[in-house]
Amino acid sequence: MSLLQKYNVAAPRYTSYPTVPYWDEAGFNLDQWKALLQRSFNESNDKEGISIYIHLPFCEKLCTYCGCNKHITVNHSVEEPYISTLLKEWKLYTAAFGGKPKIREVHLGGGTPTFFSAEHLGQLMNGLFEQAELLPDAALSFEGHPGNTTSAHLQLLHQLGFRRISLGIQDFDPAVQEVINRVQDFETVAAVMQQAREIGFISVNFDLIYGLPLQTVASVTDTIKKVMMLRPDRISFYSYAHVPWIKGVGQRKYDEADLPKEGEKRRLYETGKELFVEAGYTEIGMDHFALPDDELYHARNNGTLHRNFMGYTVLHTSLLVGLGASSIGDNWYAYVQNEKNTVAYQEKVNKGEFPVVRGHLLNQEDLLIRGHIHDLMCNFSTSWHKADTQCDAIVDGIERLQELEKDGLVNVLPGKVAVTPHGRTFIRNICMAFDARLWRKLPASQLFSSAI
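Residues numbered from 1 in each chain as written. Predicted model: local features only at pLDDT ≥ 70, side-chain atom pairs only at ≥ 80, totals over all residues. Heavy atoms only, no water.

**Digging into the sheet that holds strand 19 (residues 416-419)**
Spatial strand order, 17-19-18: three strands in an open sheet with antiparallel pairing. Two strands in the sheet have a free side with no partner beyond their single neighbour: strand 17 (381-383) and strand 18 (410-413). Here the average twist between neighbouring strands, direction ignored, is 10°. In terms of strand pairing, strand 18 meets strand 19 through four bridges, oriented antiparallel. Considered in strand 19, the bridge of Asn411 is made with Ala418. Where helix 12 (residues 364-379) meets the sheet, it contacts strand 17 and strand 19, and its direction lies at approximately 145° from that of strand 17. (Pairing = 2+ DSSP bridges. Helix = DSSP H or I, 4+ residues; strand = E, 2+ residues; numbered from the N terminus. Axes fitted to C-alpha atoms, helices over the stretch in contact; angles between N-to-C directions. Contact = heavy atoms within 4.5 Å.)

Set out below in structure tokens:
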């Protein structure tokens, strides 16, 4: 059995620890969360500032590969009420903080943020900034659909301080685009990117996915050659997560027979990685590549790379506020997730309530394991030399690493573990060795996508 076959098991992506399915919802208390929210704000606002993720869930069409929370509609009258609700939710947070927040990072995600008009996005951001201080080094970014990102969007967001844009490309092959219901030609993408550059956006990211239905090595090679013609600063090369058992993801226009098999899927990734490296990109953490003049590259080299629910970032903030339907917030000591249904979300906020539907209060063990998994995901190593970084779960994790060490994926040394270059492919499996909550209650059915 090859290592790819051996380790291609269901595994979390570790944007958090504990992972969402293992949150202790029964032990969650909203009042305790509010107290921890204020504690985190008091500890970090002046030192780090805060990050904000805003979920804008509306899309005009369903992309059948997408596992995100979204609301499909062509009715744009939903825009203004949703923006108004977001600003009301933000006021709930500013009141709970008891002080003026200093914003260091904002990301608009979706759904499709550019479903909203430039005017409404301006209303949202201006309303946000009225209640806060925008730090001089703040990083503002948004996700744009090449098919509806207009010059008005780009100009207004740039005026507001946005300098980073992430374009959802996924694949340029017409057959693949058709089956995933995401049709956008190369010329459209090139035009949006050129406009963004001319207006002054300094960082452009492309989202690509491997493992999509009907993809082949030849088609992925062709897609990446087209990407190289445009040369974005960053590339996110995600493994397609086939999770049709999750309600509402819409992965029904094709079936498993249309998907690349295990070995074929990995060849798609290795093909892409080889082409990126040949073009001058460096692999950053998991799934990400960056050019040498990009901030992600420098953060990786100097050990300041950070990972949260938004993915990899160069800025470390302990407090992440999630606004909008389904958004997840993280104040370092606790997680919360908002109501997923857009109507129910708005109803709660309009009653003056935090729209939280579940959460998790991290205990001391959680915090220790979270730190180790974070270091593995960002630095490909972690250490437990100091007494305050040790717990019984780390001892158990070291034992589980023995098999991975035999396979050449990690080097376990006194007080630390380092991922080998070959082991980076299996980083989800390596992190899973330390996932105490998962091992104490192994799932009876599949919760996560496959690791490879």
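**Examining the side chain of Asp233**
Turning to its location among the elements, Asp233 is positioned in the loop between helix 8 (217-230) and strand 8 (234-239). The buried category is assigned to Asp233, whose relative accessible area is 11%. (Buried < 20%, exposed > 50% of the residue type's maximum accessible area, 1.4 Å probe, protein only.)

**Some details on the packing of aromatic side chains**
Under the counting rule described, the total for this entry stands at 25 aromatic pairs. Here the aromatic rings of Trp90 and Phe97 are separated by 6.4 Å at their centres, their planes lie at 75°, and the arrangement is edge-to-face. With 6.2 Å between their ring centres and 55° between their planes, Trp384 and Phe434 make a pair best called tilted. A residue pair is termed long-range when its members are at least 10 positions apart, and Trp384 in the loop between strand 17 and helix 13 (392-406) and Phe434 in the loop between helix 14 (427-432) and helix 15 (436-440) qualify at 50 residues. (Phe/Tyr/Trp six-rings, centres within 6.5 Å; stacked < 30°, edge-to-face > 60°.)

**Comments concerning the environment of Val179**
Examined against the element boundaries, Val179 turns out to sit in helix 6 (residues 174-179). Along the chain, Val179 and Cys63 lie 116 residues apart, while their C-alpha atoms are 9.0 Å from each other.

**Quick look at the packing of helix 3 (residues 79-97) against helix 4 (residues 118-130)**
The geometry of helix 3 relative to helix 4 is characterised by a closest axis approach of 10 Å and an angle of 10° between their N-to-C directions. The angle between helix 3 and helix 4 falls in the class roughly parallel. Note on element contacts: helix 4 touches helix 3 through His120, Gln123, Leu124, Gly127 and Leu128, opposite Glu79, Glu80, Ile83, Leu86, Leu87 and Trp90. Partitioned by chemical class, the residues of the contact of helix 3 with helix 4 number six nonpolar, three polar and two charged. (Parallel < 35°, antiparallel > 145°, perpendicular 65-115°, else oblique. Nonpolar A, V, L, I, M, F, W, Y, C, P; charged D, E, K, R; others polar.)

**Considering helix 8**
The end-to-end C-alpha separation of helix 8 is 20 Å, in line with the 20 Å expected for 14 residues at 1.5 Å each. Along helix 8, the positions that sit buried rather than exposed are Ser219, Val220, Thr221, Thr223, Ile224, Val227, Met228 and Leu230. Where helix 8 is buried, its residues contact helix 7 (186-199), strand 7 (203-210), strand 8 and helix 9 (262-278). Looking one or two residues beyond helix 8, the residue adopting positive phi is Arg231, at roughly 50°. (Expected span 1.5 Å × (residues − 1).)

**Structural notes on the nonpolar core**
Counting 85 residues, the largest nonpolar core has Trp33, Ile54, Trp90, Tyr93, Leu108 and Leu128 as the members making the most contacts within it. With nine residues, helix 3 is the largest single contributor of residues to this core. Once you skip the residues sitting within four places of it in the chain, Leu108 turns out to touch Ile54, Leu56, Pro113, Leu121, Leu124, Met125, Ser141, Phe142, Glu143 and Phe162. In terms of nonpolar packing, the next biggest core, distinct from the first, is built from 40 residues, Ala290, Tyr297, Ile369 and Phe426 among them. (Core = buried A, V, L, I, M, F, W, Y, C linked by side-chain atoms within 4.5 Å.)

**A closer look at the pairing of strand 5 (residues 133-144)**
Taken together, the six bridges between strand 4 (residues 102-110) and strand 5 define a ladder with parallel strand orientation. Considered in strand 5, the bridge of His107 is made with Ser141. After leaving strand 4, the chain enters helix 4 and then returns to the sheet as strand 5, a path that is right-handed. Sheet topology note: the strand 5/strand 6 (residues 164-170) ladder contains four bridges and is parallel. Bridging across to strand 6, Glu143 finds its partner in Ser166. (Right-handed = clockwise from strand over helix to strand, strands pointing away.)

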